[in-house]
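# Coordinate analysis (summary)
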Amino acid sequence: DTAFVMRSIFMIGDQNILFITDEEGNEIQMEILLTFVDPDTEKQYVLFKEPESDNENVFAYEYDDEGNLNEIEDSKVFEMCEEVLSAYLDEDALNG
């Protein structure tokens, strides 16, 4: 299990950038794909990937107002994040 701490989110042009710090204190730049709020629970989620990596892994985390990332442990919540990402990617492909 990798624990991340969100450092800062800011925009560079059209790109959403997230800096995270891993458990070893390394700061890693990530690209935010999307953020959303679950209307039922009002919890906030962020989906991001490492833009410099060759793999296409997408990370999904819950986050709070202080910028702490919390790992998603509930499989139903993780499935919801996958569905939101899939819908986002489908919409992006249609508009792209």
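Residues numbered from 1 in each chain as written. Predicted model: local features only at pLDDT ≥ 70, side-chain atom pairs only at ≥ 80, totals over all residues. Heavy atoms only, no water.

## Digging into the overall build of the protein chain
When helices and strands are counted, the protein chain shows one helix and six strands. Its helices and strands in sequence order give the protein chain the pattern β-β-β-β-β-β-α, from N to C terminus. In the protein chain, which comprises 96 residues, the share counted as buried stands at 30%. Considering only intrachain contacts with a sequence separation of at least 6, the fraction spanning at least 24 residues in the protein chain is 23%. In the form shown here, the protein chain has an accessible surface area of approximately 6,700 Å², with 42% of it arising from carbon and sulfur atoms. (Helix = DSSP H or I, 4+ residues; strand = E, 2+ residues; numbered from the N terminus. Buried < 20%, exposed > 50% of the residue type's maximum accessible area, 1.4 Å probe, protein only. Contact = heavy atoms within 4.5 Å. Areas by Shrake-Rupley, 256 points an atom, 1.4 Å probe, with all protein chains shown as cover.)

## Things to note about the pairing of strand β5 (residues 59-63)
Bridging between strand β4 (residues 44-49) and β5 involves five bridges; their strand directions are antiparallel. Each bridged residue has a counterpart across the sheet, and for Leu47 the counterpart in β5 is Ala60. Relative to strand β6 (residues 69-71), β5 runs antiparallel, the two sharing three bridges. Bridge pairing in β6 links Glu62 to Asn70. Counting the residues in the hairpin turn of β5 and β6 gives five residues, including Gly67, whose phi is positive at 90°. (Pairing = 2+ DSSP bridges.)

## With respect to the side chain of Gln44
Mapping Gln44 onto the fold places it in strand β4. Here Asp65 takes part through its side chain, which lies 3.1 Å from a polar atom of the side chain of Gln44. Setting aside chain neighbours within four positions, we find Gln44 in contact with Phe36, Val37, Tyr61, Glu62, Tyr63, Asp64 and Asp65. (Polar contact = N/O pair within 3.5 Å; in protein donor to acceptor, adjacent residues only side chain to side chain.)

## Points about a negative patch on the surface
Taken together, the side chains of Asp74, Glu79, Glu82 and Glu83 make up a negatively charged region of the molecular surface. Within the secondary structure, Asp74 is located in the loop between β6 and α1 (75-95). Looking at Asp74, the relative accessible area reads 41%, which means it is partly exposed. (Patch = residues over 30% accessible without salt bridge, like charges linked within 9 Å, V, L, I, M, F, W, Y side chains within 5 Å. Salt bridge = Lys/Arg side-chain N within 4 Å of Asp/Glu carboxyl O. Lys, Arg positive; Asp, Glu negative; His and termini not counted. Charge placed at Lys NZ, Arg CZ, Asp CG, Glu CD.)

## With respect to the confidence of the model for the protein chain
Parts of the model with low pLDDT should not have their predicted coordinates read in detail. Considering every residue of the protein chain, the mean pLDDT works out to 82; 83% of them sit at 70 or more. When the elements of the protein chain are averaged for pLDDT, strand β1 (residues 5-12) gives the smallest value, 52, and β4 the largest, 92. (pLDDT = per-residue confidence, 0-100.)

## Focus: the side chain of Asp38
By the secondary structure assignment, Asp38 is in the loop between β3 (27-37) and β4. For the buried Asp38, which has no salt bridge, the nearest side chain bearing the opposite charge is Lys43, at an N-O separation of 7.9 Å. Excluding its chain neighbours within four sequence positions, the residues that come into contact with Asp38 are Lys43, Tyr45 and Met80.

## Regarding unusual backbone geometry
Positive phi, normally seen in glycine, also occurs at Glu42, with a value near 65°. With respect to the helices and strands, Glu42 occurs in the loop between β3 and β4. Classification of Glu42 by relative accessible area gives exposed; the value is 64%.

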